[in-house]
Amino acid sequence: MAGPKMTFSCFSDIPHLVHGVFFRRGGVSRPPFDSLNVGFSTGDDPAAVSENRNRILSWLRMPRAVFLHQVHGSEVLVLPRDETIDPDRFWAPGHPATGTALTADAVVTDQTGLALVIQVADCQGVMLADPHKHVIANVHSGWRGSVANIIGRCVDIMIGRFGCDPQQILAGISPSLGPCCAEFIHYKQEIPQNLWQYKHPEKAVFDFWALSVDQLLAKGLILDHISGMNLCTRCRPDLFFSFRKEKTTGRFACAIGLLG
Ligand SMILES: [Zn+2]
């Protein structure tokens, strides 16, 4: 696994699309945020986080990005090409918008030159792209997002607002807490009963990867269009940040964008 990022094979043939799940290495943050931490709310040095974000934009060849203020909710931010947005809400090298990030847990756009970045450390980053409509999305789905089906809400917006055909939408699911480590000892209070089918028969661990695939299939995506990296963040703290493993840690970046 050389280089700064992993990529999904399903996205590799789409012209003008760039994306990646960035490893924790290749940045400037010091332990315990070593080293490519893109999250400001972690306790890391803001100057280091800024440099790390700029590196990611440079690797993606993107002039600017959206780094959401993620709140484990189910709001989907829609950024259509023809809508003007205050440039202060975007991240650009030399123009860091640290205090005015947009609050949402998913974002959809048909704009070029704008990277959509989800910050994770055990939650799933789920990237979506309709190569025919030139629409992309990125979703932050932790267990609360899984329960709220924010993935399904985001696909609905791609269909309803942008005219996407779900059979054309490609999806990639980032490394996150795997079925080996997604333990919820209070699951009877936290996870609704209709999702207990994703629980291990004996242990209180859940397969949220399988749930995400099912949420995508339920919206009409084709199974062959869905890719998972099947890497557990808690099992691989050498590659990724894991909140469950390390508590005080960074956030790694899942990013997708359309080149102009
Ligand atoms: Zn694991």
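Each remark here, short or long, concerns the structure printed above.
Residues numbered from 1 in each chain as written. Predicted model: local features only at pLDDT ≥ 70, side-chain atom pairs only at ≥ 80, totals over all residues. Heavy atoms only, no water.

**Q** Help me understand the overall build of the protein in this model?
**A** Within the protein one finds 6 helices and 11 strands. Taking the principal axes of its C-alpha atoms as reference, the protein extends roughly 50 × 45 × 35 Å. Counting across all 260 residues of the protein, residues that qualify as buried make up 55%. Long-range contacts, defined here as pairs at least 24 residues apart, represent 70% of the contacts in the protein between residues at least 6 apart. For the protein, the centre of its 24 positive side-chain charges and the centre of its 24 negative side-chain charges are spaced 4 Å apart. (Helix = DSSP H or I, 4+ residues; strand = E, 2+ residues; numbered from the N terminus. Buried < 20%, exposed > 50% of the residue type's maximum accessible area, 1.4 Å probe, protein only. Contact = heavy atoms within 4.5 Å. Lys, Arg positive; Asp, Glu negative; His and termini not counted. Charge placed at Lys NZ, Arg CZ, Asp CG, Glu CD.)

**Q** Any chance you could explain the sheet that holds strand E2 (residues 17–22) here in plain terms?
**A** Strand order in the open sheet formed by 5 strands is E1-E2-E11-E6-E3, and the pairing between neighbours is mixed. Among the strands making up the open sheet, the edge pair consists of strand E1 (5–6) and strand E3 (64–67). Relative to strand E11 (residues 252–258), strand E6 (residues 114–120) runs antiparallel, the two sharing 5 bridges. The residue of E11 that forms the bridge with Val117 is Ala255. Strand contacts of helix H1 (residues 46–60): E2, E3, E6 and E11, with the helix running at about 140° to E2, the strand carrying the most contacts. (Pairing = 2+ DSSP bridges. Axes fitted to C-alpha atoms, helices over the stretch in contact; angles between N-to-C directions.)

**Q** So what exactly am I meant to see when it comes to H1 here?
**A** Every α-helical turn comprises 3.6 residues, leaving residues that sit three or four positions apart pointing alike. The terminal C-alpha atoms of H1 lie 21 Å apart, and with 15 residues this matches the ideal 21 Å at 1.5 Å per residue to within 8%. Taken residue by residue, H1 has Ala48, Val49, Ser50, Asn52, Arg53, Ile56, Leu57 and Leu60 as its buried positions. Close packing links the buried residues of H1 with E2, E3, E6 and E11. Near the N-terminus of H1, the side chain that reaches the backbone nitrogen of Ala47, with its oxygen 3.0 Å away, is that of Asp45. Directly beyond the C-terminal end of H1, a positive phi value near 60° is found at Arg61. (Expected span 1.5 Å × (residues − 1). Polar contact = N/O pair within 3.5 Å; in protein donor to acceptor, adjacent residues only side chain to side chain.)

**Q** Before we go on, may I ask you to explain the pattern of salt bridges in this structure?
**A** Pairing between side chains of opposite charge can happen when their charged atoms approach one another. What the rule picks out here adds up to 6 salt bridges. Glu246 is paired through a salt bridge with Arg24; the nearest N and O atoms lie 3.2 Å apart. On the criterion of sequence distance, the pair formed by Glu246 in helix H6 (residues 243–246) and Arg24 in the loop between E2 and H1 is long-range, its members being 222 residues apart. Among the ionic pairs, Asp238 bridges to Arg236, the shortest N-O distance being 2.8 Å. What makes Arg236 partly exposed here is its relative accessible area of 28%. (Salt bridge = Lys/Arg side-chain N within 4 Å of Asp/Glu carboxyl O.)

That's the geometry; what it means functionally is another story.
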